[in-house]
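Structural description and commentary
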Amino acid sequence: MPHLAEGIDRFQREVFPAKAGLFARLATVHRPRTLFIGCSDARVVPELITQTDPGELFVIRTAGNLVPAHTPGADAVSAGVEYAVAVLGVRDVVVCGHSACGAMTALAEGHDLASAPAVAAWLRHADASLARTAAAGRTGDVAALVRENVAAQLANLATHPSVARALAAGDVRLHGWVFDIAAGSVEELDTTARPAVAA
Ligand SMILES: [Zn+2]
């Protein structure tokens, strides 16, 4: 991976010196204002899309930007959400879906995932998204599933006690976005009509 080594070299020579003051502050302070939950897809880079500096976004990336609903017991996503909301005190949480999402495409088009059983099991967290898309008569429509899935994951997010508490206190706001890779655009979805999200 020579290009990664070259990247580190360029970062140290050109980027880090230009932001030396920022990194000096960040060395002892971690106070992001936003929790960004996006897809692991390599084309969806939160800091690039939002033009944010190190220290601004607390990022969780999962396949399909899925956030499992709260269950007793710990997992990486729950721990990340709780840490960001209850400990770091982020004020905004973004769930960002995107065009041409491999996870949503596999679900919408019913791909055979027999060779990827962990992926198949993980994508079950989008069952509600699939159901909503089907109920809207949009079965097989990837773009519709991407949007429904963002709304469904926001609802899942609200089941986490730390998020429920912060929502009740008015300390945090939830946002649903869809990033279009070809256009470079970000659409903010109107998710206020979702009772589970507004609760
Ligand atoms: Zn994706």
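Look a little higher up for the structure.
Presented here is a report on the structure given in the accompanying data block. (Residues numbered from 1 in each chain as written. Predicted model: local features only at pLDDT ≥ 70, side-chain atom pairs only at ≥ 80, totals over all residues.)

1. Looking at the overall build of the chain
Counting secondary structure elements, the chain contains 10 helices and 5 strands. Taking 16 Å as the expected radius of gyration for a compact globule of 199 residues, we find that the chain reaches 18 Å, a close match to that expectation. In terms of its C-alpha atoms, the chain occupies a principal-axis envelope of roughly 55 × 45 × 35 Å. Counting every position in the chain, which comprises 199 residues, the buried fraction comes to 31%. Excluding contacts between residues fewer than 6 apart, the proportion of contacts in the chain whose partners are at least 24 apart in sequence is 68%. (Helix = DSSP H or I, 4+ residues; strand = E, 2+ residues; numbered from the N terminus. Rg over C-alpha atoms; globule rule 2.2 N^0.38 Å. Buried ≥ 20, exposed ≤ 12 C-beta atoms within 10 Å, placed from the backbone. Contact = placed C-beta atoms within 7 Å.)

2. A few points about the nonpolar core
In this structure, Leu35, Leu107 and Leu157 are the most contacted members of the largest nonpolar core, which totals 44 residues. Take this core: its biggest share by element is 8 residues, from helix H8 (residues 142-157). If sequence neighbours within four positions are ignored, Leu157 has contacts with Val67, Val81, Val93, Val95, Val163 and Leu174. (Core = buried A, V, L, I, M, F, W, Y, C linked by C-beta atoms within 7 Å.)

3. A look at the pairing of strand S4 (residues 173-180)
Note that strand S3 (residues 92-98) and S4 share 7 bridges and pair parallel. Among the inter-strand pairings, Val95 is bridged to a residue of S4, identified as Gly176. Between S4 and strand S5 (residues 185-189), which pair antiparallel in sequence order, lie 4 residues; one of them, Gly184, sits at a positive phi of approximately 75°. (Pairing = 2+ DSSP bridges.)

4. Quick look at helix H4 (residues 76-87)
The terminal C-alpha atoms of H4 lie 15 Å apart, and with 12 residues this matches the ideal 16 Å at 1.5 Å per residue to within 8%. Positive backbone phi, at 70°, marks Gly89, one or two positions downstream of H4. (Expected span 1.5 Å × (residues − 1).)

5. A look at the sheet that holds strand S1 (residues 34-39)
If you trace the 5 strands from one edge of the open sheet to the other, you get S2-S1-S3-S4-S5, paired in mixed fashion. The sheet is open, and its two borders are formed by strand S2 (57-62) and S5, each paired with just one other strand. Taken pair by pair, the neighbouring strands of this sheet meet at an average axis angle of 25°, ignoring direction. Running at roughly 165° to S2, H4 makes contact with S1 and S2 of the sheet. Relative to the sheet, H8 contacts S3, S4 and S5, its axis offset from that of S3 by approximately 150°. (Axes fitted to C-alpha atoms, helices over the stretch in contact; angles between N-to-C directions.)

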